[in-house]
Each structure stands twice: as C-alpha cells, then as structure tokens.
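The lines below spell out each chain.
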Amino acid sequence: FFKHKTAYEISLGLVGSEMCIRDRYDNSIDARKLFEASLDEAKGVISTAASNGDTVSLRDYEFAGYLYESEDNPNNGIAREFAYQYTGGQWAHLYLWSLDDANYEKLMIEYYRNWAENESKNPGEGWRTTFEDLFDMTVDDFYRDFDAFMLMDKSVQMSILPSNEEMQNRKVSK
C-alpha cells in the first residue's frame, strides 16, 4: 500500500474525500463520521472475502494493478473489491497515528520526503526502508498487526480516532 500512493492521495484519503487539502481544517466536516463510513466499507470487504473463504490483508493491495486476489484466494478468479485499497489504506494511516502521535507528521510529511531519498539509493525498495526507519517496525509486523486490528470489534477500532476537535486543532510543523 505505501509503495504506490502519492502524498496527495494519502492526504486526501486521511482527511476524508469531502475535504480539500488546505492549510487548515474544514470545521464543518464531521471527520469521525466520514472515517466511520470508510471503516464500514473496509469491514464489508473483509466480510465479503471471509464469506468466500478468503482473508483480506492490506499486503495484498501493495502493488497497483495486482490488487484483487491473494495467492491463496479460493474465489476462482472473483476479484476482491478495489475499495479496500483506499478504505483500508485510510485506516492504516489512522492506526499508525494511534500508535504514536508523532506518527501524524511522519505520515503527512516525513515519509514522502524520506521516500524520495531512499528510492534514489535503492530503487523499488525506498518505500520499505522509509517505512521501517520512520515507524520503527518492519512492514511485515505492520501488516500482521494492522490486519489483526481490522478484525477487531468496530467499537475498538473507532476508539483510536481523535475527536473532531483534536483533528481540527492538529497541525504539522512546516
């Protein structure tokens, strides 16, 4: 997932599709409600896959163009819903932010700044190096922990969200 997203796509997804990228938060938007809707959609993809004997992992959405089936997908070629790339990705960012408040700025700024430098040193793997250096965990550990988080009860998942007021007041250093 982190390999092929642009800063624009991530930023837009993180703040909600109805919000424009701005230098300040749009106070008229109930971000928690938008995030809850995206969580419902993500959980729907997981549920649909489970009903077909498949397990969804964000790892399966890592590479653009090859997103629809895991290696062990028993769906006989029935594609997964593409939406999880965005809704699961959005919740991956929220999950990382919930682990450490400093991760907000890492997600919004440092990741992309460092990715460019690491990508030039190690083409095709800069995203992995950047992720592991910034978040102090392996990509494999992140996928394992995030996938487990996405199987938790919705109330537990929603509990990681900051309040709308906290989101409204959140700023990044420039």
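As the structure is a prediction and not an experimental result, all values here were calculated from the model.

Asks: I tried to follow the nonpolar core on my own but got confused; where do I start?
Replies: Within soluble globular proteins, side chains that are nonpolar tend to cluster in buried spots. Grouped together as the largest cluster of nonpolar side chains are 37 residues, with contacts concentrated most on Tyr-84, Trp-91, Phe-142, Phe-146 and Met-150. Put simply, the parts of the chain that give this core at least two residues each are α2 (31-51), α3 (84-99), α4 (103-121), α5 (126-135) and α6 (139-150).

Asks: How do you make sense of the confidence of the model for the chain when you look at a structure like this?
Replies: As a note on interpretation, predicted positions should not be read in detail where pLDDT is low. With 72% of its residues at a pLDDT of 70 or more, the chain has an overall mean of 79. Within the chain, no element has a lower average pLDDT than helix α1 (residues 7-15), which sits at 43, and none a higher one than helix α7 (residues 154-158), at 97. Throughout residues 3-23 the model reports pLDDT below 50, and contacts reaching past four residues in sequence, or to other chains, amount to 47 contacts.

Asks: Would you mind going over α4 with me for this structure?
Replies: Because an α-helix packs 3.6 residues into every turn, residues spaced three or four apart end up facing the same way. Across its 19 residues, α4 extends only 24 Å between first and last C-alpha, which sits more than 12% below the 27 Å expected from 1.5 Å per residue. A maximum bend of about 50 degrees is found in α4 at Glu-110. Among the residues making up α4, those that are buried are Asn-103, Tyr-104, Glu-105, Lys-106, Leu-107, Met-108, Tyr-111, Tyr-112, Trp-115 and Asn-118.

Asks: Even after reading the chapter, I still don't get the pattern of salt bridges, so can you show me in this structure?
Replies: Charged atoms that come close allow side chains of opposite charge to pair. Applying the stated criterion across every chain yields a total of eight salt bridges. Here Asp-141 makes a salt bridge to Arg-144, at a shortest N to O gap of 3.0 Å. One end of the pair, Asp-141, and the other, Arg-144, are both in helix α6, three residues apart, so they sit about a helical turn from each other. Of the residues examined, Asp-141 reaches a relative accessible area of 29% and is grouped as partly exposed. For Asp-145, the salt bridge goes to Arg-144, with nearest N and O atoms at 2.9 Å. Residue Asp-145 is classed as partly exposed on the basis of its relative accessible area of 30%.

Asks: Hey, could you run me through α5 in this one?
Replies: Every buried residue belonging to α5 is among Gly-126, Trp-127, Thr-130, Phe-131, Leu-134 and Phe-135, and all of these are buried. Seen from one end, α5 has its buried residues packed into an arc of 130 degrees, which puts them on one side. The elements touched by buried residues of α5 are α3, α4 and α6. Remark: Asp-136 follows α5 within two positions and exhibits a positive phi of approximately 55 degrees.

Asks: Just to check I follow, could you spell out the packing of α5 against α6 for this structure?
Replies: When two helices pack together, their arrangement is captured by the angle between the axes and the distance separating the axes. Axis separation between α5 and α6 bottoms out at 9 Å; the angle between their running directions is 70 degrees. Comparing their axes, α6 and α5 come out roughly perpendicular. Residue-level contacts link Trp-127, Arg-128, Phe-131 and Glu-132 of α5 to Val-139, Phe-142 and Tyr-143 of α6. Within the contact of α5 with α6, the residues separate by chemical class into five nonpolar, no polar and two charged.

Asks: I tried to follow the packing of α3 against α6 on my own but got confused; where do I start?
Replies: Where α3 meets α6, the closest approach of the two axes is 11 Å, and the angle between their N-to-C directions is 105 degrees. In terms of axis orientation, α3 runs roughly perpendicular to α6. Contacts between α3 and α6 involve Tyr-84, Gly-88, Trp-91, Ala-92, Tyr-95 and Leu-96 from the former and Phe-142, Asp-145, Phe-146, Phe-149 and Met-150 from the latter. Within the contact of α3 with α6, the residues separate by chemical class into nine nonpolar, one polar and one charged.

Parameters and conventions
Residues numbered from 1 in each chain as written. Predicted model: local features only at pLDDT ≥ 70, side-chain atom pairs only at ≥ 80, totals over all residues. Heavy atoms only, no water. Core = buried A, V, L, I, M, F, W, Y, C linked by side-chain atoms within 4.5 Å. Buried < 20%, exposed > 50% of the residue type's maximum accessible area, 1.4 Å probe, protein only. Helix = DSSP H or I, 4+ residues; strand = E, 2+ residues; numbered from the N terminus. pLDDT = per-residue confidence, 0-100. Contact = heavy atoms within 4.5 Å. Expected span 1.5 Å × (residues − 1). Bend = angle between axes of the 7 residues up to and from the residue. Salt bridge = Lys/Arg side-chain N within 4 Å of Asp/Glu carboxyl O. Arc of directions from axis to C-beta. Axes fitted to C-alpha atoms, helices over the stretch in contact; angles between N-to-C directions. Parallel < 35°, antiparallel > 145°, perpendicular 65-115°, else oblique. Nonpolar A, V, L, I, M, F, W, Y, C, P; charged D, E, K, R; others polar.

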